[in-house]
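Coordinate analysis (summary)
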Amino acid sequence: MKYLIFLFLSVIVFPILAYAKSYNPRATLFMKDGSVVHGYLRVSLHDVYKDFKISETENGKKQTYNNEDIDSLKVQYADGQEAVYYPFQFAPEPNKKINKDTYLALISFDSEHVKGYCMPASYIRSSSPVPSNNFQSYSSKTAAWWYCFEVKDADKPIVVFWIYIPSKKPSKYNMKDLKKALSLYPGVYETICSRGITADQINENPLMVLEILEESLQ
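Residues numbered from 1 in each chain as written. Predicted model: local features only at pLDDT ≥ 70, side-chain atom pairs only at ≥ 80, totals over all residues. Heavy atoms only, no water.

A word on a negative patch on the surface
Taken together, the side chains of Asp33, Glu68, Asp69 and Asp71 present a region of like negative charge at the surface. Of note, Glu68 is situated in the loop between strand E5 (62-66) and strand E6 (70-76). (Patch = residues over 30% accessible without salt bridge, like charges linked within 9 Å, V, L, I, M, F, W, Y side chains within 5 Å. Areas by Shrake-Rupley, 256 points an atom, 1.4 Å probe, with all protein chains shown as cover. Salt bridge = Lys/Arg side-chain N within 4 Å of Asp/Glu carboxyl O. Lys, Arg positive; Asp, Glu negative; His and termini not counted. Charge placed at Lys NZ, Arg CZ, Asp CG, Glu CD. Helix = DSSP H or I, 4+ residues; strand = E, 2+ residues; numbered from the N terminus.)

What to know about the side chain of Thr102
With respect to the secondary-structure elements, Thr102 resides in the loop between strand E7 (82-88) and strand E8 (103-111). Non-local contacts of Thr102, meaning those with residues more than four positions away in its chain, are made with Tyr49, Lys50, Asn67, Glu68, Pro87, Phe88 and Gln89. (Contact = heavy atoms within 4.5 Å.)

Quick word on helix H5 (residues 207-216)
The element H5 is largely enclosed, with a buried count of eight among its 10 residues. Of all the positions in H5, only Leu207, Met208, Val209, Leu210, Glu211, Ile212, Leu213 and Glu214 are classed as buried. (Buried < 20%, exposed > 50% of the residue type's maximum accessible area, 1.4 Å probe, protein only.)

Considerations on helix H2 (residues 172-181)
All of the buried residues in H2 are Asn174, Met175, Leu178 and Ala181. On an axial view of H2, the arc spanned by its buried residues comes to 115°, and they lie on one face. Opposite the buried face of H2, at more than 90 degrees from it, the exposed residues are Lys172 and Tyr173. (Arc of directions from axis to C-beta.)

Here we look at the nonpolar core
Counting residues in each nonpolar core, the largest one holds 45 residues, and the members touching the most others are Phe52, Leu73, Tyr85, Phe149 and Leu178. Looking at this core, the element that brings in the most residues is H5, giving six residues. With residues near it in sequence (within four places) discarded, Leu178 still touches Phe161, Trp162, Tyr189, Ile192, Ile202 and Val209. Listed in part, the 10 residues of the second largest apolar core include Phe90, Ala105, Ile107 and Met119. (Core = buried A, V, L, I, M, F, W, Y, C linked by side-chain atoms within 4.5 Å.)

Considering the packing of aromatic side chains
Tallied over the full model, the rule gives nine aromatic pairs. Their ring planes at 20° and their centres at 5.3 Å tell us that Phe88 and Tyr117 sit as a pair that is stacked. Placement of the pair is Phe88 in strand E7 and Tyr117 in strand E9 (residues 114-127), with a sequence separation of 29 residues. By the burial criterion, Phe88 is buried, and Tyr117 matches it. With 5.9 Å between their ring centres and 65° between their planes, Phe90 and Trp146 make a pair best called edge-to-face. You can see Phe90 sitting in the loop between E7 and E8 and its partner Trp146 sitting in strand E10 (residues 138-151), a full 56 residues away along the chain. In this structure an aromatic cluster arises from ring pairing among Tyr49, Phe88, Phe90, Tyr103, Tyr117 and Trp146. (Phe/Tyr/Trp six-rings, centres within 6.5 Å; stacked < 30°, edge-to-face > 60°.)

Looking at the pattern of salt bridges
Using the criterion set out here, one finds six salt bridges in the structure. A salt bridge links Lys152 to Asp110, with the shortest nitrogen-to-oxygen separation between them at 2.6 Å. With Lys152 in the loop between E10 and strand E11 (159-164) and Asp110 in strand E8, this residue pair connects regions lying 42 residues apart in the sequence. On the basis of relative accessible area, Asp110 is assigned to the partly exposed category, the value being 26%. A salt bridge links Asp200 to Lys169; its shortest N-O distance comes to 3.1 Å. Taken together, the residues span a long stretch of sequence, with Asp200 in helix H4 (residues 199-204) and Lys169 in the loop between E11 and H2 at a distance of 31 residues. Residue classification places Asp200 among the partly exposed positions, given a relative accessible area of 35%. A relative accessible area of 62% means that Lys169 is categorised as exposed. Here the salt bridges share partners, and the residues they tie into one network are Glu93, Lys96 and Lys180.

Printed below as a string of structure tokens:
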């Protein structure tokens, strides 16, 4: 059995740190029309929805580009690490409709039958107004990552199987969502459980799920 797991831990860690700081990494944008744009990324990819902004100089005028119009986006961070993001669409669950919007994701896993994606996202935590904080409500935003997969040549949508939030401990709901995501592939979730793999272990390395899925498809 052969598969390729992309070693992008440092690529994930650095943007999370940069998320809280003012930093504009270099970016190269490859458009579907064949043109190439060089410049600086002017938004955290964790905040990207349908489009993002690039400027020719680090603090120059921003130009907006739609996710659906690009082939790929290469980002170079200050420590020399590079990451390539690709446009993709996904379904929240196997039997749900594909989201009509186009997002950006890293390719994190590629094997004979399975392809994995890692999408930058945000986790927003809000507090309700209570007497102890003078009836003020607060919200905080941190970086998060959505892990998705597709089975090649299966005519099935890309599906979210795990949401990684560095500041949040995984719960039983993560495992429930994982079970739904794997529902079209009998025995895979059961194998995970029979091996005693916990939510904490998956949270440390979500790609282990795709390794087991690939094993089941051999």
